[in-house]
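# A look at the structure
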Amino acid sequence: MSAADIPATSISFLGLGAMGQAMVTSFLETGYSITVWNRTASKADDLISKGAVRADTVAEAVAASPLVITCLWDYAVVRDVLAPAADALSGRVLVNLTNGSPDQARAMAVWAGEHGASYLDGGIMAVPPMIGQPSALILYSGDAAAFEKYRATLETLGTARYLGSDPGFAPLYDLAMLIGMYGMLMGAVQSLTMIRAAGDDPREFSASFLIPWLNAMSGSIPQYAENIQSGKHTVDVVSNLAMQAAAFPNAVQACASLGVRLDFLLPLKALMEQAVADGHRDADLSVLAELLTS
Ligand SMILES: NC(=O)c1ccc[n+]([C@@H]2O[C@H](COP(=O)([O-])OP(=O)(O)OC[C@H]3O[C@@H](n4cnc5c(N)ncnc54)[C@H](OP(=O)(O)O)[C@@H]3O)[C@@H](O)[C@H]2O)c1
């Protein structure tokens, strides 16, 4: 059956891991007709009992709907899974919500186009329990007409933000947000480990000290963004880099004497020292952006 002959409310979903299960459940609860496929077929059983239709093959799943969504382990798996059904993609919209890099997304868009499919790449800024709520942000980029056509459908999963026709932008924003998260959360892990190593209670420290501190310090981010956009890092500086670079070795020393590893801290110490040596004593910490791209 051609894609045009199938009701627009039909969705085919490939990949029933933790995220796929949450997404298919959300679509079912909203009343969509959904065909599912997963390598381990038994993971579909619960969803079938709630109204999903099982596809025995990927080709069968792709043929069932004009909108095909993949949420699999990585892009290599997406390619391997779709390859035997590539011809069936013609005339369909492929939305790939698998985590990948911008280059992988662009290559996937070319591949989909070669098989006659419109392509949207997606970045899921949520964990499975958040799916279906506005707090679940899902980033999309790629074919604008495909996004407009399925915007309301995709909003079922959470807030849908379209980032433009370059399919690499959804993964770019996704990965940039994850990097911000990992820097903050690994900083928290290092900090809480220090407190535990000192024999104190990380729970009380977290609630009363660390979280309010991080919330207050996140107020610096807009100024950093301004500095990084302009390339000027000496405007309205309240904590200059020379002062921060002088204090940072104390944090390194404190961890070392508590027996806490320094893997996370030493690269930052080296960057600060290099920036000071390069003459950026009066700059904001944001000046490290210039070293990161030099
Ligand atoms: N979970 C999260 O919090 C979260 C948040 C944001 C983004 N994501 C992204 O969403 C995607 C899926 O994540 P998930 O949490 O659902 O992962 P998951 O629970 O580990 O599920 C992985 C899925 O990929 C399938 N798969 C793995 N290797 C395969 C292969 N060789 N051939 C065919 N299928 C294969 C699995 O099939 P089987 O069931 O047969 O193993 C399963 O459907 C990932 O790209 C992840 O980065 C996840």
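Description of the structure in this document. (Residues numbered from 1 in each chain as written. Predicted model: local features only at pLDDT ≥ 70, side-chain atom pairs only at ≥ 80, totals over all residues. Heavy atoms only, no water.)

### Looking at the pattern of salt bridges
Proximity of charged atoms lets side chains of opposite charge pair with each other. Filter applied, for reference: Only one rule defines a salt bridge in this text: a Lys or Arg side-chain nitrogen within 4 Å of an Asp or Glu carboxyl oxygen. Note on classification: 1.4 Å probe, protein chains only; a residue is buried when its accessible area is under 20% of the maximum for its type, exposed when over 50%, partly exposed between these limits. A run of H or I in DSSP counts as a helix once it spans at least four residues, and a run of E counts as a strand once it spans at least two, with each numbered from the N terminus.
A full pass over the atoms with the stated rule returns eight salt bridges. A salt bridge links Lys-50 to Asp-46; its shortest N-O distance comes to 3.4 Å. Since its relative accessible area comes to 47%, Lys-50 is described here as partly exposed. Residues Arg-151 and Glu-148 are paired through a salt bridge, measuring 2.8 Å at the closest nitrogen-oxygen approach. On the criterion of helical spacing, the pair formed by Arg-151 and Glu-148 is a turn pair, its members being three residues apart in helix H6 (residues 144–155). Residue classification places Arg-151 among the partly exposed residues on the basis of a relative accessible area of 33%. Ionic contacts of the salt-bridge type, sharing partners, join the residues Asp-103, Arg-106 and Asp-166 into one network.

### As for the site of the ligand
The following threshold applies: Working definition: residue near molecule or strand if any one of its non-hydrogen atoms lies within 4 Å of it. Polar contacts here mean pairs of N or O atoms no more than 3.5 Å apart (in protein, one a potential hydrogen donor and the other a potential acceptor; neighbouring residues in sequence count only if both atoms are side-chain atoms). Shrake-Rupley sampling with a 1.4 Å probe provides the accessible areas, and residues are treated as covered by the protein chains on show and by no other component. Cavities and pockets are defined on a 1 Å grid built over the protein atoms alone: a cavity is a set of grid points where a 1.4 Å probe fits but cannot escape, while a pocket is an open set with protein on both sides within 12 Å along at least five of seven lines, and lining residues are those with an atom within 4 Å of any such point. A molecule is said to be in a cavity or pocket once over half of its atoms fall within 2 Å of that pocket's grid points. Under this grouping Gly is polar, as are all residues other than the nonpolar Ala, Val, Leu, Ile, Met, Phe, Trp, Tyr, Cys and Pro and the charged Asp, Glu, Lys and Arg.
Ala-18, Asn-38, Thr-40, Lys-43 and Asn-99 are the nearest of the 20 residues found near the ligand. Within the backbone of Ala-18, an N or O atom sits 2.9 Å from an oxygen atom of the ligand. Separating an oxygen atom of the ligand from a side-chain N or O atom of Arg-39 is a distance of 2.9 Å. When isolated, the ligand has an accessible area of 900 Å², and the protein chains bury 74% of it. Placement of the ligand is best described as lying within the second largest pocket. Breaking the shell around the ligand down by element, the ones donating at least two residues are helix H1 (18–30) and helix H4 (75–82). Class assignment for the residues of the shell around the ligand results in 12 nonpolar, six polar and two charged.

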